[in-house]
Structure formats: structure tokens, C-alpha cells
Amino acid sequence: MHIKEKLAQNEAAGKIGISFEFFPPKTAQGVQNLYDRMDRMHGLGPSFIDITWGAGGRLSDLTCEMVNVAQSVYGLETCMHLTCTDMPQERVDAALQAAYKAGCTNILALRGDPPREKEVWEAADGGFRYAKDLVKYIREKYGNHFCIGVGGYPEGADDNSDVDQLIDHLKEKVDAGSSFIVTQMFYDTDNFIKWVEKCRAKGINVPIIPGIMPIQTYAAFIRRANWTKTHIPPDWLEALEPVKNDDAAVKQVGKRLIADMCRRLIASGIKHLHFYTMNLAQSTQLVLEELELTPTAEAPIPRPLPWRPSLGLNRREEDVRPIFWRNRNSSYIARTAIWDEFPNGRWTDSRSPAFGELELYGVGLKGTNEQNIKLWGEPNSLRDLAEVFVRFLEGNLDRLPWSDSPITPETSAIKDALVELNRRGFFTINSQPAVNGVKSSHPVFGWGPKNGFVYQKAYLELLVPPYVIDELIARIEANEDLTYHAVTKKGELRTNTRDSPNALTWGIFAGREVVQPTIVETVSFLAWKDEAYQLGEDWAKCHEASSPTRKLLQGIMDSWYLVNIVNNDFHNTYDLFELFKDLNVKDLELEISGGITEDKAHHNGTANGATNGTTSNGTAAEQPVKN
């Protein structure tokens with residue numbers, strides 16, 4: 001959606017909008033950490049984010065990549081900075097095409113700073129001299145596809161201190177086709193308000209968004225103000241000087257100063273605040289909390305679906321997703337990006353030669369070997385492994401191989417049963433409780449528009465040893481309300497389904513058809529199977545080849561079944577966990593020396609009798625369908 005439309009929507013609703021700026025980090029690990037932070041800050045409810053432009057070379061490519069990931073994976077409406085610096089026309093065209101393909105519809109067009117080795121800004125050969133030229137070019141080439149923003153300078157620019165002349169230039173940029181203005185950082189509220197009045201008097205009527213720089217540390221605050229020639233009110237310095245050596249105190253004082261400034265801006269008629277985060281979260285969040293602009297239980301971020309939608313090109317209307325990727329959103333988006341047909345046949349063909357190839361999708365295990373060993377330890381027995389899953393279920397681990405994030409509140413309805421099942425040796429990967437017609441505004445299970453009702457079937461996905469599979473399937477098939485898939489790493493499939501999509505979650509809303517956003521189906525389960533087993537093997541490969549942990553994990557991947565079970569009676573008249581009563585996982589105490597193989601499992605006995613086991617890896621399963 002265009003930023004100008006988001007601004008108009010917020011204003012019509014009487015809501016103060018917020019947005020965040022991020023910049024491309026210098027290291028690969030920094031990029032991944034920033035993605036995680038962007039994902040968490042999504043929960044603060046920004047209308048959009050923007051990502052700065054690294055002129056030329058790797059950083060400009062990284063800007064395009066980050067825009068793509070933010071749009072398609074994290075569902076964040078993203079505005080891409082684009083500067084004239086070191087940008088001949090062909091590079092501008094390439095950047096705009098990359099933004100277009102990512103589904104990005106917002107550009108912030110800037111002249112940019114001169115390269116570090118030059119003192120005076122110069123246009124690149126075949127490039128653009130002024131931001132207004134870039135705005136005009138984008139508008140002529142792409143029509144109204146992009147909503148174009150430009151920069152405003154309430155206190156002058158580096159190479160021009162004449163504010164009135166800069167306002168004239170700003171008018172030219174607006175007349176060339178820009179739809180909104182984002183200002184440079186400032187701290188002098190009175191000066192900003194007067195500047196806005198001058199802009200309006202010149203006929204500049206597009207939205208003006210103030211750039212807000214939170215105060216992280218005293219040294220950084222002074223350094224940035226000096227660098228940008230920003231005027232600091234004397235009372236701000238008086239407030240900060242006594243605590244300047246105490247970073248925590250600086251954040252608290254800075255929070256109050258910035259929040260007071262924002263209140264005055266809002267009182268003057270400003271409807272949107274843009275935060276320069278410096279890729280940090282805490283100071284921005286403190287200000288938003290002080291302003292009471294963070295989502296609350298009474299006013300949560302609207303969730304149109306029980307998972308975060310992608311804003312990638314051709315995916316904005318996507319309203320169905322297989323449940324298996326509930327807790328691995330990024331791998332799902334990446335994996336399905338080039339499928340000719342979506343697994344359920346809604347919009348894209350599982351028969352495509354592109355379908356199911358893993359190498360190109362980046363679906364592997366998150367984190368380094370050292371990080372993962374530190375997180376999950378070195379389990380040497382099934383009992384050790386069970387405790388890893390239990391720790392995840394009890395909220396003491398942030399992730400498991402099959403889940404990129406902690407369990408959600410929805411799991412609390414079945415957590416005790418999941419813990420008990422894992423301790424008995426059945427490792428759960430995904431699950432959800434049954435829900436029978438709760439209000440769409442429910443703080444845990446709700447999603448979609450207000451005044452609707454949502455439903456879901458009980459679902460369980462787990463790893464099961466081969467010597468209990470026949471008994472488990474017999475129990476499932478004895479109940480006509482239950483459907484299942486059971487598959488090995490080699491692809492040996494057993495199922496009682498008809499190979500058609502089975503809705504697991506649906507909602508009923510006034511004036512709309514029934515919405516069915518989460519499904520189970522055979523073809524996508526088989527694609528997920530490859531990923532699920534690969535993740536387990538990646539975990540095993542964090543450890544030395546001769547280690548008991550490696551043999552334990554690899555043995556499970558080689559011989560255990562991946563099973564999903566659906567109770568199609570959403571009234572939940574049958575408890576799925578009853579299926580496992582008296583089923584026994586053998587050798588919980590055994591120190592694995594040669595891996596768990598099917599032959600060894602059969603030698604140890606068949607399913608019968610109570611047992612302890614593994615814990616639910618809470619991966620996709622433990623997290624309810626809510627992303």
C-alpha cells in the first residue's frame with residue numbers, strides 16, 4: 001500500500017502513525033540480527049519501515065535484498081531509499097526494478113551525500129543531479145506504481161544553510177511528483193513548527209513526517225547533533241549533563257525529552273512520527289511506551305490472518321498457507337517463491353520441476369554450530385533429548401530446529417499434555433488446540449476483522465519411532481473423525497486422506513465468504529517433510545561425527561516417522577493425546593552408541609506400556625497458528 005494512503009487511513013481513524021528507519025549492517029551476522037530485530041519491532045505496530053541506500057557496491061545490493069526480505073518474509077510495508085550519489089541511470093533502473101519485483105511500492109528519493117573522498121557533490125555520468133530529477137524520472141517511468149517521498153531540512157542542509165531557498169527546492173520536488181516529506185532529525189520543536197508553517201504558506205500541501213532521533217547515549221546524541229548541525233535546546237543539555245556518564249539514566253531522561261517533543265508535534269497537527277532507530281530497539285520502544293503508542297490488549301495490532309501475510313509481488317492476496325510452516329515463515333516464503341503453483345492449487349503447480357528443490361531456498365538450520373550447542377546442549381539419550389523439547393515448551397528456550405521463535409500463548413491450552421507426551425518419548429513439532437467459535441477479537445485465538453467468529457481443529461505433528469507406528473495408525477483409523485499423514489525420510493507415505501486440502505482454521509465474518517487460512521494437504525506435507533528432516537540432520541551436524549549426540553539425532557532422522565493428525569470434529573470430543581495412551585518409546589535411558597535404527601527398535605520391543613519420552617520441539621507445532 002502507498003504510504004500516502006496509510007497516512008490518510010490513520011488520520012481518518014484518529015490514529016497517530018509511526019514508522020522506523022533501518023540501515024544495511026556491515027556484516028552477514030549483523031544482517032540476520034537486524035532481520036530478527038525488525039521482526040520483533042513489527043509488534044510495535046509501524047505503518048511502514050524504510051531502509052537507507054548504500055551508494056554503489058555491496059551495500060546498495062544489500063538495500064535491495066533487505067527490502068525484498070522485509071516485504072516478502074516479514075510482511076512489513078517497506079520504503080526504499082534511493083539516492084543520486086554514484087548512481088548512473090542503469091543502476092537506478094536496476095534498483096527500481098528490484099524494488100518492483102519485491103512488491104515495494106514506496107521510494108524515498110534523495111540526492112544523497114557526496115562520496116567520502118569528495119568534498120563537493122557531483123552527479124554521476126549519466127546520472128541525476130537533483131532529487132527532483134530522480135522523482136520526475138521515477139514518475140515518468142513507473143507512473144503511479146511508486147509512492148515517492150523526499151527529504152525536508154528544517155535547519156538547512158550540509159551544503160546550503162538557506163532554509164527559505166531549500167523550501168523552494170522542496171516545492172519543486174513536490175511538484176515533480178512526490179507525495180510525502182520526511183525531515184532530517186531535529187530537537188528544536190518551535191523551529192520545526194515554524195518551518196512547517198512556511199512550507200504550507202509556499203503551497204506544499206503533502207504530508208510532512210518529522211524525523212525523530214531517540215537518545216541512546218549522551219556521546220552519540222552530541223556527536224550526531226554536531227554532525228548534522230542540529231540545534232539542541234539549552235534545557236535539554238541542562239537535563240542531560242548531570243547523568244551523561246550513566247547510559248541507563250540518559251535513556252530515561254532522553255525518553256522524556258523526546259516524548260515531550262512528540263506531544264508538542266502532535267498538538268501542532270502532526271499525525272505521524274518517523275523514528276531513526278539506528279538499528280536499535282530499546283530507546284524507540286521507551287518513547288513509544290511513554291507516548292502510549294504501543295499496541296495493548298485492548299487495542300492490538302489488527303491481524304487479518306492467523307499468520308503474517310507476505311507483501312511480496314503477487315502474494316499480497318495470499319490467504320491460505322499449509323500449517324507445517326507456521327513457525328518457519330521465512331523458509332516458507334522463500335521455498336514457494338518460484339513454485340509454478342501454490343501447493344493447494346489456489347494460485348500456483350506442485351508438478352513443476354521447481355517444486356521441492358531444497359538447495360535454493362535457504363531452509364537450513366539457524367545459528368552457528370557453537371550457538372546451537374550452547375542453546376540445546378549435547379543430548380546423549382532420548383531422555384536428554386526430551387528435556388530439550390520440554391524446556392522449549394516451558395518457555396526456557398527461544399527456538400528449536402523446527403521453530404524460529406518461542407511458543408505462543410495459544411499453546412497454554414494443551415501445554416501440559418504436550419510436556420507429558422514429550423517426556424514419554426514422542427517429540428512434537430507442531431500443534432494447536434481445537435477452537436469452537438470464539439470472537440475474532442479474542443486476545444489469544446482471535447484474528448481477522450472485528451465482530452467475527454473463528455474456529456480451528458485440533459492438530460498434532462510429531463516424530464514417532466517405527467516400532468509404534470502400526471499401533472498408532474490402527475488407533476487413528478478406528479476413529480472416523482481423525483485423518484493423518486505418516487512419512488519417513490525416504491518418502492514412504494501412509495495416509496487415510498483423499499489428497500485434498502483440509503481446512504484447519506477458518507473464520508466467519510459479516511459480509512464475507514468463509515475464510516480458510518490454514519490447511520493440511522498431502523503435496524505440501526511431502527515438501528515440508530524434506531525440510532523437517534533436513535533441519536534435524538543439520539542439528540545432528542552441529543556435533544562431531546563420532547559423538548553420541550550426532551548418532552542419536554541422525555538415527556532418529558533416518559528411521560523415525562514424521563506424523564500429523566487432525567481431529568476433524570472441532571468440538572474436540574476426542575482428545576488426540578489419548579491416542580498415545582500406553583504407547584511406549586523404548587530405551588529412554590540408553591546411551592546411544594550406534595544410532596537408533598529400525599532393527600534395534602524392533603529388537604527392543606513393540607509399542608506397549610507407559611514410558612517417558614522426548615519433549616515437543618514446540619517448533620511449528622507448539623506455536624499456535626498465530627504468527
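The structure contained in this document is the topic of the report that follows. Treat the numbers as computed from the prediction; the structure is a model and nothing was measured.

1. Some points on the overall build of the protein
Looking only at helices and strands, one finds 19 helices and 18 strands in the protein. Within the protein, buried positions represent 56% of all 627 residues. In the structure as shown, the protein presents an accessible area of about 26,600 Å², 48% of it carried by carbon and sulfur atoms.

2. Brief notes about the sheet that holds strand β16 (residues 502-508)
The strand order across the open sheet built from five strands is β9-β17-β16-β12-β11, with neighbouring strands paired in mixed fashion. Looking at strand neighbours, the two that pair on one side only are β9 (321-322) and β11 (435-439), the edges of this open sheet. In this sheet, β16 lies alongside strand β12 (residues 453-456) in antiparallel orientation, the contact comprising four bridges. What sits directly across from Tyr455, in β16, is Trp506.

3. Re unusual backbone geometry
The backbone of Met278 shows a phi angle near 55 degrees, a positive value even though the residue is not glycine. Considering the arrangement of structural elements, one finds Met278 in the loop between β8 (272-276) and α11 (282-290). On the basis of relative accessible area, Met278 is assigned to the partly exposed category, the value being 28%.

4. Looking at the packing of aromatic side chains
A complete count under the given rule lists 24 aromatic pairs for this structure. Centre to centre, the rings of Trp325 and Tyr332 are 5.4 Å apart; their planes meet at 45 degrees, and the pair counts as tilted. Exposure remark for Tyr332: the relative accessible area of 0% places this residue in the buried category. In textbook terms, an aromatic cluster arises when at least three aromatic residues are bridged by ring pairs, as seen for Trp376, Phe389, Trp402, Phe427, Trp539 and Trp560.

5. What about the nonpolar core?
Most often, soluble globular proteins keep nonpolar side chains buried together rather than apart. Grouped together as the largest cluster of nonpolar side chains are 163 residues, with contacts concentrated most on Leu82, Trp402, Trp528 and Phe580. When residues of this core are assigned to domains, at least three map to each of domain 1 (3-291) and domain 2 (321-343 + 350-579). What Phe580 contacts, discounting residues up to four positions off in sequence, is Leu421, Arg424, Phe426, Leu460, Leu462, Leu472, Arg475 and Ile565. In terms of nonpolar packing, the next biggest core, distinct from the first, is built from six residues, Leu305, Trp307, Val454 and Val515 among them.

6. So, the sheet that holds strand β6 (residues 180-185)
Note: strands within a sheet are paired through backbone hydrogen bonds, in either parallel or antiparallel orientation. With parallel pairing, the eight strands of this closed barrel are ordered in space as β1-β2-β3-β4-β5-β6-β7-β8. The sheet shows a mean angle of 30 degrees between the axes of neighbouring strands, taken without regard to direction. Direction of pairing for β6 relative to strand β7 (residues 208-212): parallel, over a ladder of three bridges. By the bridge assignment for β7, Ile181 is matched with Ile208.

7. Description of the pattern of salt bridges
Where charged atoms from two side chains of opposite charge approach closely, those side chains can pair. Tallying each qualifying case throughout the model produces 20 salt bridges. Between Asp190 and Arg264 there is a salt bridge, with the nearest N and O atoms lying 2.4 Å from each other. A residue pair is termed long-range when its members are at least 10 positions apart, and Asp190 in helix α7 (residues 189-201) and Arg264 in helix α10 (residues 247-267) qualify at 74 residues. What makes Asp190 partly exposed here is its relative accessible area of 39%. Residue Glu387 pairs with Arg423 through a salt bridge whose shortest N-O separation is 3.4 Å. Placement of the pair is Glu387 in helix α14 (residues 382-393) and Arg423 in helix α15 (residues 415-423), with a sequence separation of 36 residues.

8. As for helix α8 (residues 218-227)
Here α8 has its buried residues at Tyr218, Ala220, Phe221, Arg224 and Ala225. Down the axis of α8, the sector holding all buried residues measures 165 degrees, keeping them to one side. In α8, the exposed residues that point more than 90 degrees away from the buried face are Arg223, Asn226 and Trp227. Where α8 is buried, its residues touch β6, α9 (234-240) and α10. Lys229 sits one or two positions beyond α8 and adopts a positive phi of about 55 degrees.

9. Considerations on the environment of Val69
When you line up the elements, Val69 lands in helix α3 (residues 57-72). The buried category is assigned to Val69, whose relative accessible area is 17%. Each C-alpha atom, one on Val69 and one on Ala334, is 9.2 Å from the other, the two residues being 265 residues apart in sequence. Not counting chain neighbours up to four residues away, the residues in contact with Val69 comprise Tyr35 and Tyr74.

10. Quick word on the pairing of strand β1 (residues 17-22)
The buried count for β1 comes to six of six residues, which makes it a mostly enclosed element. Judged by which residues are buried, β1 turns out to be covered on both faces: Gly17, Ser19 and Glu21 on one side and Ile18, Phe20 and Phe22 on the other are all buried. Examined bridge by bridge, β1 and strand β2 (residues 48-51) share four bridges and lie parallel to one another. Within β2, the position partnered with Glu21 by the bridge is Asp50. Tracing the backbone out of β1, into helix α2 (residues 28-41) and back to the parallel element β2 gives a crossover that is right-handed.

11. Digging into the environment of Asn10
Within the element layout of this structure, Asn10 appears in helix α1 (residues 3-12). Between the C-alpha atoms of Asn10 and His272, which are 262 residues apart in sequence, the distance is 8.6 Å. At a separation of 3.0 Å, a polar atom in the side chain of Asn10 contacts the side chain of Ser47.

12. Here we look at the pairing of β7
Within β7, five of the five residues are buried, leaving the element largely enclosed by the surrounding structure. Residues Ile208, Pro210 and Ile212 of β7 are buried on one face, and the alternating residues Ile209 and Gly211, pointing to the opposite face, are buried as well. Here β7 pairs with β8 via two bridges, running parallel. If you follow Gly211 over to β8, its bridge partner there is His274.

13. Brief notes about helix α4 (residues 89-101)
Along an α-helix, a turn takes 3.6 residues, which lines up residues three or four apart on a common side. Helix length check: α4 (13 residues) gives 18 Å between terminal C-alpha atoms against 18 Å at 1.5 Å per residue, within 8%. Buried within α4 are the following residues: Val92, Ala95, Leu96 and Ala99. Projection of α4 onto a plane perpendicular to its axis shows the buried side chains occupying an angular sector of 95 degrees, all on one side. Along α4, exposed side chains directed more than 90 degrees from the buried face belong to Glu90 and Lys101. Downstream of α4 by a residue or two, Gly103 has a phi angle that is positive, lying close to 85 degrees.

14. Regarding the environment of Ser178
Mapped onto the secondary structure, Ser178 falls in the loop between α6 (163-175) and β6. Each C-alpha atom, one on Ser178 and one on Lys132, is 8.5 Å from the other, the two residues being 46 residues apart in sequence. Setting aside residues no more than four positions away along its own chain, Ser178 makes contact with Val135, Ile148, Val150, Lys173 and Val206. At 3.0 Å, the side chain of Ser178 and the backbone oxygen of Lys173 are in polar contact. Separated by 3.3 Å, the side chain of Ser178 and the backbone nitrogen of Val174 make a polar contact.

Each value, and the rule that gives it
- Residues numbered from 1 in each chain as written.
- Predicted model: local features only at pLDDT ≥ 70, side-chain atom pairs only at ≥ 80, totals over all residues.
- Heavy atoms only, no water.
- Helix = DSSP H or I, 4+ residues; strand = E, 2+ residues; numbered from the N terminus.
- Buried < 20%, exposed > 50% of the residue type's maximum accessible area, 1.4 Å probe, protein only.
- Areas by Shrake-Rupley, 256 points an atom, 1.4 Å probe, with all protein chains shown as cover.
- Pairing = 2+ DSSP bridges.
- Phe/Tyr/Trp six-rings, centres within 6.5 Å; stacked < 30°, edge-to-face > 60°.
- Core = buried A, V, L, I, M, F, W, Y, C linked by side-chain atoms within 4.5 Å.
- Domains from an automatic or database assignment.
- Contact = heavy atoms within 4.5 Å.
- Axes fitted to C-alpha atoms, helices over the stretch in contact; angles between N-to-C directions.
- Salt bridge = Lys/Arg side-chain N within 4 Å of Asp/Glu carboxyl O.
- Arc of directions from axis to C-beta.
- Right-handed = clockwise from strand over helix to strand, strands pointing away.
- Polar contact = N/O pair within 3.5 Å; in protein donor to acceptor, adjacent residues only side chain to side chain.
- Expected span 1.5 Å × (residues − 1).

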